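# Descriptive analysis of the structure
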There are 2 protein chains.
Amino acid sequence: MHLPHLPAALAVALGLLALPALADTPKPTPTAKELLAASKPEEWRTPDPSNLLYMQLPQGRVVIELAPDFTPLHAANIRTLAREHYFDGLAIIRVQDNFVTQWGDPNDDDSGDTSKLKPLGSAKATLPPEYTRTIDPRLPWTPLPDGDVYAPKVGFSEGFPAARDPSSGREWLTHCYGMVGVARNVPPDSGNGSSLYVVIGQAPRGLDRNLAIAGRVIEGMPYLSGLPRGTGALGFYDKAEQRVPILSVKLAADLPPAQREPLQVLRTDSATFAAIVEAKRNRRDTFYTVPAGKIDLCSIDIPTRTLAAKP
Amino acid sequence: MHLPHLPAALAVALGLLALPALADTPKPTPTAKELLAASKPEEWRTPDPSNLLYMQLPQGRVVIELAPDFTPLHAANIRTLAREHYFDGLAIIRVQDNFVTQWGDPNDDDSGDTSKLKPLGSAKATLPPEYTRTIDPRLPWTPLPDGDVYAPKVGFSEGFPAARDPSSGREWLTHCYGMVGVARNVPPDSGNGSSLYVVIGQAPRGLDRNLAIAGRVIEGMPYLSGLPRGTGALGFYDKAEQRVPILSVKLAADLPPAQREPLQVLRTDSATFAAIVEAKRNRRDTFYTVPAGKIDLCSIDIPTRTLAAKP
């Protein structure tokens, strides 16, 4: 009894739902596995290595893609922090159930004592908020058809879930599962990327437009989501030994090409991505009796793949 | 740098957001802590002990409230299974990231070999699906104002998130974080409650109306969500030693009253619950620059409390 089945993008990729159609039922929609197998090479993109962070934890590697088209100043600051080894030796300090996992300097404890804080080096201590940006018609925009509770328009832009408000002319990244945000204090310019969080539960969309989103985890989410929850206030770990050490955070661009992961992400403006979204909106395999006919922004997984090393 | 703040219902309960309003900003909405402190005793309900499952894991106790008004046959079967100690000695066998944690008989591996399965005792092996029910005007219904991507109407009924379709006259429980569903095979009547799953990620609302929902975890979610993700297909644990043993599942009603937890749940049709929802829709503390003005069904936490033991 191995059900419920997982989301189509992954479940069917495993071939488990590719059951034959019954004679009197509609033909099943193609599975994500079938759709991905038929995808064209140009539907995949290789993220710019200057936008990829490799965060090494004891359990494995987390890969984060920065979003400089939405938060350029934060991307630049985080690149500086990574290049100057700011994150190396810091830790995951907070895991709050159904909310966020956060990492940074364990001595940044709001006590007011800044003497123990790791210096930011040449990175900036404050940054303009970058919570929203002017809609740029040159950026790709793949709208979703089913509406949204929070925003007038939602869709994908360059591989990131995003929202738009045409009346104000603004767009912004959204707090979906796996999105990486910039922690801050009360002043809106107090975030600088030295402390980051990732969404590990139901999308806290109320945070949208109130925090800068730096990017998205594209590999290794289970290392961040499958951690014991902190039992201190706000999910902070009470004891130092509960923290997960960050061995290093490096920019892929700073590594020799041979050491970079051959990771690709399906373009969110590709026909195959559209077909996968449609297959998930209306599942017609034998397990499902009622296709939803709808999908919400944060329920869509963006496929990634690792290219096999050439012999 | 201890932000983002957690959802209002919990964050402000800790008092951390109860900052003074600036002179030129709108008066902050009351915090959830303030609202809960001012709640009336009759706004809280003590769940019927015949609807409460205590699932004891090595790490701690999980409490599940069954939903017999929506899935009465499943509630009855699960009560039978618990009373006959069916679950004792079984295990958590699957943790799929951003989807579900599932428990049941580790030997139920779809191999077709049923000889090793634990007998169901006097519980039924198949049940009518109970995926939806006729809207019952006698059941409480607290609608939400902001719409929903998946269903014509959403709200709360007796402490559970639910959806309604007035045109078909049907209502159903929804797959929000913490909701407990009934695993099944392909035949719709193949679920019986012997294997259950709980949502641990973005609400997989596409499962709504395709699986029976037995209830909701009201205490102990971190013991189910904060587990290492399975690396087998569909997130199943590859190795027996990765599984988390279930020490016992008991019905609270079968325990002496002194051994029952004095757990209460805020009524979802109470004025205090409505005020908490409104406070989360429009946060006006100093941290937030843009109140969302909206909230989706699965982003609302339902407060619980443990009554202090009387001296």
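Basis of the calculations
- Residues numbered from 1 in each chain as written.
- Chains lettered and ligands numbered in written order.
- Predicted model: local features only at pLDDT ≥ 70, side-chain atom pairs only at ≥ 80, totals over all residues.
- Heavy atoms only, no water.
- Pairing = 2+ DSSP bridges.
- Helix = DSSP H or I, 4+ residues; strand = E, 2+ residues; numbered from the N terminus.
- Contact = heavy atoms within 4.5 Å.
- Axes fitted to C-alpha atoms, helices over the stretch in contact; angles between N-to-C directions.
- Buried area = accessible area lost by both parts, 1.4 Å probe.
- Salt bridge = Lys/Arg side-chain N within 4 Å of Asp/Glu carboxyl O.
- Polar contact = N/O pair within 3.5 Å; in protein donor to acceptor, adjacent residues only side chain to side chain.
- Nonpolar A, V, L, I, M, F, W, Y, C, P; charged D, E, K, R; others polar.
- Least-squares fit on C-alpha atoms with pLDDT ≥ 70 in both.
- Expected span 1.5 Å × (residues − 1).
- Buried < 20%, exposed > 50% of the residue type's maximum accessible area, 1.4 Å probe, protein only.

### As for the sheet that holds strand 12 (residues 196-199) of chain A
Residues and elements named next belong to chain A. In space, the nine strands of this open sheet follow the order 14-4-5-12-11-13-3-2-15, with antiparallel pairing throughout. Since the sheet does not close on itself, it has two edges, and those belong to strand 14 (244-245) and strand 15 (248-251), each with one partner. Across two bridges, the pairing between strand 4 (residues 91-95) and strand 14 is antiparallel. Opposite Ala91, over in strand 14, you have Pro245 as the bridge partner. Together, strand 2 (52-57), strand 3 (60-66), strand 11 (179-182), strand 12, strand 13 (213-219) and strand 15 form the strand contacts of helix 3 (residues 72-83), whose direction differs from that of strand 15 by roughly 120 degrees.

### Some words on the interface of chain A and chain B
In this complex, chain A contributes 69 residues to the contact, which on the side of chain B involves 69 residues. The junction of chain A with chain B conceals about 5900 Å² of combined surface from both sides, 58% of it contributed by carbon and sulfur atoms. Linking chain A with chain B are zero salt bridges. Between the two partners, chain A and chain B, sit 17 residue pairs in polar contact (both at pLDDT 80 or more). Contributions of two or more residues to the side of chain A that touches chain B are made by strand 5 (100-104) and helix 4 (221-225) of chain A. Per element, the largest residue contribution to the side of chain A that touches chain B is three residues, and it comes from helix 4 of chain A. Class assignment for the residues of the side of chain A that touches chain B results in 37 nonpolar, 19 polar and 13 charged.

### A look at the relation of the copies chain A and chain B
Superposing chain A onto chain B takes a rotation of 180 degrees plus a shift of 0.0 Å along the axis, which leaves an RMSD of 0.0 Å. The superposition of one copy onto the other is thereby described by a two-fold rotation axis. A share of 100% of interface residues in chain A that are also interface residues in chain B marks the association as one of identical surfaces.

### A closer look at helix 3 of chain A
All names here are of chain A. The terminal C-alpha atoms of helix 3, which comprises twelve residues, lie 16 Å apart, in line with the 16 Å expected from a rise of 1.5 Å per residue. When helix 3 is considered as a whole, its buried residues turn out to be His74, Ala75, Asn77, Ile78, Arg79, Leu81 and Ala82. Looking at the buried residues of helix 3, the elements they touch are strand 2, strand 3, strand 11, strand 12, strand 13 and strand 15. Looking one or two residues beyond helix 3, the residue adopting positive phi is His85, at roughly 60 degrees.

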